[in-house]
Protein chains: 2
Amino acid sequence: MRIPVDRKSSVPLYRQIEAFLRQRILSGSLAPQTRLPATRQMASDLGVNRITVENAYAELEADGLLFPRTGSGTYVQQPAPLAPIPRREPGAPWPLWQQEIQSAGGTEPPVRPSDLLEAAGHADPIDFAGGSGDCRMFPAEEYRKVLQAVMRRDGAAALEYGEYQGYAPLRSTIAHILASQGIPAHPDNVLITAGSQQAISLVVQLLLRPGDAVVVESPTYSLVLDLLLSLGLKIVGVPADEAGMQVERLEQLLQQNHPKLIYTIPNFSNPTGACLSLARRRRLLALADRYNVPILEDDYVGDLRYGGRALPALKALDPGGGVIYVSTFSKMLMPGLRVGFLAAEGPFYESVVHYKRVNDLATSSLHQRALESYVTVGRYQAHLRRSCLIYRRRRDALTQAVARHLPAAVRMDPPQGGLFAWLRLPGDISSEILLPQACRLGVAFAPGGAFFPSGADGESFLRLNFAGHPPETIDQGVQRLGGAIKRLQLQAERSASRLNGARGRTP
Amino acid sequence: MRIPVDRKSSVPLYRQIEAFLRQRILSGSLAPQTRLPATRQMASDLGVNRITVENAYAELEADGLLFPRTGSGTYVQQPAPLAPIPRREPGAPWPLWQQEIQSAGGTEPPVRPSDLLEAAGHADPIDFAGGSGDCRMFPAEEYRKVLQAVMRRDGAAALEYGEYQGYAPLRSTIAHILASQGIPAHPDNVLITAGSQQAISLVVQLLLRPGDAVVVESPTYSLVLDLLLSLGLKIVGVPADEAGMQVERLEQLLQQNHPKLIYTIPNFSNPTGACLSLARRRRLLALADRYNVPILEDDYVGDLRYGGRALPALKALDPGGGVIYVSTFSKMLMPGLRVGFLAAEGPFYESVVHYKRVNDLATSSLHQRALESYVTVGRYQAHLRRSCLIYRRRRDALTQAVARHLPAAVRMDPPQGGLFAWLRLPGDISSEILLPQACRLGVAFAPGGAFFPSGADGESFLRLNFAGHPPETIDQGVQRLGGAIKRLQLQAERSASRLNGARGRTP
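Here we take up the overall build of chain A. Of regular secondary structure, chain A possesses 17 helices and 17 strands. Expressed along its principal axes, the backbone C-alpha trace of chain A runs to roughly 95 × 70 × 55 Å. Relative to its full complement of 507 residues, chain A shows a buried share of 57%. Within chain A, counting contacts between residues at least 6 apart in sequence, those at least 24 apart form 72% of the total. Split by element, the accessible area of chain A, about 20300 Å² in all, is 54% carbon and sulfur. A gap of 5 Å separates the mean positions of the 55 positive and 47 negative side-chain charges of chain A.

In structure tokens form, the structure reads like this:
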């Protein structure tokens, strides 16, 4: 057997041999029951001392990967087999407490449009259902180098717990970014989290108990609705229009429901892309203050603006301690970084830091350190500017494609920023029924239902992520969508006419 | 001004100039109000086209880092100042909902022994209070290379969300590791989490509601107690001895409290280092089954064994669906990796996957991918064996040092594995009072109180982490601890004799 051994390496020879064999055995390329060369033979093959080979074999025997047959040599052991999913006697019931979870049910996420699209098996599928930006734009190579530099600079320190609040230099960089957006923040008011989703779930779990009421604009971010439901909270939806949450309707709902929290996405709402007007921002703050309700401001893509004037964040208008601000690097860079943050003050900040600690101790510090240097040398800002230029073109391409390929009855307000456009279908078409039809033609979108506290309200809406594809692809995808809509309308007309025909025949 | 420009780089020249200036400005080495060379001047200094310099300046102006004074050139802008921590008018009260959090109080973590030690300012402090292994042993350089290889291999994919359950190859590697420990597990029963702390908090939050009762052995892991308290749960402690939880006492407590969960650390308990006996393991499973209570098995260092026979995990004895198994790579490798996992089946597994998703969407996949290749090529196993050898010696060093330097009245059972030793002080000494004294002599430990549902029970106990220091340091640290104990005893005697003296004088 030929094993590459590196005599210059700091790794002892027997470890090199061991690692090589271990890899071959675990990967299966050395099959169970294979007989290994005798140690003397192997030693002379590799030109190493026999003891070296014996040590390597011994290590592997100790791990149950090799076994000796007295007299006949050393063999590859069957690796510990994967057990079948353990069950009581087949068909026997789960423990009662598990059955209760079962009967509670409703915990599995619904089938994802992207999976439907894949299942449809179109040769060249176009997916508008995604939730993040265009990963292909992310300079992974550049980031790899930053990771390298950080590991070289910090060594093991980059892999220790670090501060509970998060890596201090990154917190102060974030404070600077926020300050440049008019949001008063101090590094000691910033908590780094595993993406904004964790920030939101920490806030909600800290401030609310099962049965409490929470106000959201309707429609709103589907995963937050999932979170609120899974916590057994009462969701109070405030209708939203092209200027965001209809704050005019809020006061009555506050009086009726005594909510413990108001969750809102004032900039480029997910899913509608709408921005909350300045007048409504001020009114929202006044109401929250009067009725003593904290505001959770989710600013997940606030700085992805393609037009219009930036409005001050709620946090920027807050006299202090009333607004909890949440944002993330995931949408702008890579979702898998899982680095988000919240900014808050007062007793709440103290408790959320503690609560984060008991929830997962700390967020992996390597990405925090890498992000910090990535942002500080201006790469992040450059990437952001690049993204804005590219996404604006894609937004424009979508606007034109919708005008070109979709029936006039389909309504869409071109978003001023963010990743999403929100379409309203003609009354007779359901986005749920449209989706499978569209997937067959090779295009997927997010049906509106998931974004409403009560799904039925979403029947005639759908969300398109225009950030993920170049203009040509967007045009083609919308064309397919138009085709799917026309087919549905045709079917509707046919069945209608059949109905009339049938009527005609009745005496 | 001299700026290093690399004409061979793929980064455009104007970006290189921009990044250089940006870094200088943000770092403050280019002070506000500094006048930059005119673009023509700078261009000839650097031997680049004037447009290049103008583009660089323009980018920095766009970001508010430079500003032009007509006629007099371009100046460094004051970077957006850090706002003070925002407050309503000084001294004005926080919003009511914040005041309620304040009055609820008790959320700040107690002062950490390590901080006390640092504050004491000893020239050469020795910290036995830590919770993890010896980070200096971790082959950071080796891991850096694995990270590199993974980034090169997977590129941006290593930075996307990945599967909700966690990176599939790592889940199957974990399933193999568990199988080799006799724990039946399938990759589709494994959920990757942000360390075992998140796994535990997901399980607890999913199964319990405020006011529910949870059974723990007393003493147990302090951070889990913090978690249970922060969730408003009723903690029922079962006394533990050198053979773990006194399961004989459990049934009565189950009848009285109807707990919704039993949390236990059967191997090398944190803090005591004790292992649950086989008889008690079987009895615990039988009781949990009879009273329909799920068991949460925390096996945070199960494979760090220095002696004795390995006992089957509760999960290995579970007929199926009754035990939720939690473990981590943090203790063995680097805490900052934040990669742990749980193994469970049935409806519970489905819901915990969903619950993890709404809590933080997914765990950063880069470390998952790096760990997977690190483990598969056998580096993890090698590191584990190395750690066992080294930690065993340190355990032995501690045992000898305790015998040599501490009063005979101090009790300690040498642990068979793990990271911690548990000491009982003579009745007249409180570990809380001992700590500051010890810190002044240059040694810190974890006082017992934090590990008991009711802190008072911990008065005369303390936890030593012996894994973090070489034998000589351990000996010296224990010597200092002995010194601190003797001082306290002396003080006690003196005040006692003064008391007697005083009595003597009374008529």
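Looking now at the sheet that holds strand E6 (residues 213–218) of chain A. Note on sheets: strands pair through backbone hydrogen bonds, and any given pair is parallel or antiparallel. All names here are of chain A. Across the sheet, 8 strands lie side by side as E5-E12-E11-E10-E9-E6-E7-E8; this open sheet has mixed pairing. One side of each edge strand has no neighbouring strand; the edge strands of this open sheet are strand E5 (190–193) and strand E8 (244–245). The pairing of E5 with strand E12 (residues 340–343) spans 4 bridges and is antiparallel. Counterpart to Leu191 in the pairing with E12 is Leu342. Strands in contact with helix H7 (residues 168–180) are E5, strand E11 (323–328) and E12; relative to E5, the strand with the most contacts, it is inclined by about 115°. Most of the contacts of helix H10 (residues 250–257) go to strand E7 (residues 234–241), to which it runs at about 175°, and overall it touches E6, E7 and strand E9 (261–264).

So, on to the nonpolar core. The biggest cluster of nonpolar side chains holds 227 residues, and the ones touching the most others in it are Val204(A), Leu434(A), Val204(B) and Leu434(B). With residues up to four places along the chain from it excluded, the contact list for Val204(A) reads Leu227(A), Leu228(A), Leu231(A), Leu233(A), Leu261(A) and Leu296(A). Ile17(A), Phe20(A), Val53(A) and Leu60(A) belong to the second-largest nonpolar core, a separate cluster that totals 20 residues.

What follows concerns H7(A). All names here are of chain A. The first and last C-alpha atoms of H7 sit 19 Å apart over 13 residues, in line with the 18 Å expected at 1.5 Å per residue. All of the buried residues along H7 are Leu170, Arg171, Thr173, Ile174, Ala175, Leu178 and Ala179. In the core, the buried residues of H7 are packed alongside E5, E11, E12 and helix H14 (365–376). The first or second residue beyond H7 is Gly182, which carries a positive phi of 80°.

Taken as a whole, this structure holds 46 salt bridges over all chains when the rule is applied. Two residues, Lys315(A) and Glu345(A), come together in a salt bridge whose shortest N-O distance is 2.5 Å. Taken together, the residues Lys315(A) in helix H12 (residues 314–317) and Glu345(A) in the loop between E12 and helix H13 (346–360) connect sequence positions 30 residues apart. Between Lys356(B) and Asp360(B) there is a salt bridge whose closest N-O contact spans 3.2 Å.

Residue and element names in this part refer to chain A. Per the domain assignment, the segments making up chain A are domain 1 (13–76), domain 2 (113–131 + 382–504) and domain 3 (139–377). One C-alpha centre belongs to domain 2, the other to domain 3; they are set 29 Å apart. Listed per partner, the contact involves 24 residues of domain 2 and 27 residues of domain 3. Interface of domain 2 and domain 3: buried area, both sides summed, is about 2100 Å²; carbon and sulfur atoms make up 64% of it. Put simply, domain 2 and domain 3 have 0 salt bridges between them.

Now for the packing of aromatic side chains. By the definition in use, this model includes 24 aromatic pairs over all chains. Taken together, a centroid distance of 6.5 Å and an interplanar angle of 20° make the contact between Tyr300(B) and Phe420(B) stacked. A residue pair is termed long-range when its members are at least 10 positions apart, and Tyr300(B) in the loop between strand E9 (295–298) and helix H12 (314–317) and Phe420(B) in strand E13 (residues 420–424) qualify at 120 residues. Each member of the pair, Tyr300(B) together with Phe420(B), is buried. Connected via pairs of aromatic rings, a cluster forms that spans Trp422(A), Phe451(A), Phe452(A) and Phe461(A). If you follow Arg463(A) out to its NZ or CZ, it ends over the ring of Phe420(A), 3.9 Å from the centre. Over the face of the ring belonging to Tyr164(B) we find Arg357(B), whose NZ or CZ atom lies 5.0 Å from the ring centre.

Conventions we followed
- Residues numbered from 1 in each chain as written.
- Chains lettered and ligands numbered in written order.
- Predicted model: local features only at pLDDT ≥ 70, side-chain atom pairs only at ≥ 80, totals over all residues.
- Heavy atoms only, no water.
- Helix = DSSP H or I, 4+ residues; strand = E, 2+ residues; numbered from the N terminus.
- Buried < 20%, exposed > 50% of the residue type's maximum accessible area, 1.4 Å probe, protein only.
- Contact = heavy atoms within 4.5 Å.
- Areas by Shrake-Rupley, 256 points an atom, 1.4 Å probe, with all protein chains shown as cover.
- Lys, Arg positive; Asp, Glu negative; His and termini not counted.
- Charge placed at Lys NZ, Arg CZ, Asp CG, Glu CD.
- Pairing = 2+ DSSP bridges.
- Axes fitted to C-alpha atoms, helices over the stretch in contact; angles between N-to-C directions.
- Core = buried A, V, L, I, M, F, W, Y, C linked by side-chain atoms within 4.5 Å.
- Expected span 1.5 Å × (residues − 1).
- Salt bridge = Lys/Arg side-chain N within 4 Å of Asp/Glu carboxyl O.
- Domains from an automatic or database assignment.
- Buried area = accessible area lost by both parts, 1.4 Å probe.
- Phe/Tyr/Trp six-rings, centres within 6.5 Å; stacked < 30°, edge-to-face > 60°.
- Lys NZ or Arg CZ within 6 Å of the ring centre and 35° of its normal.

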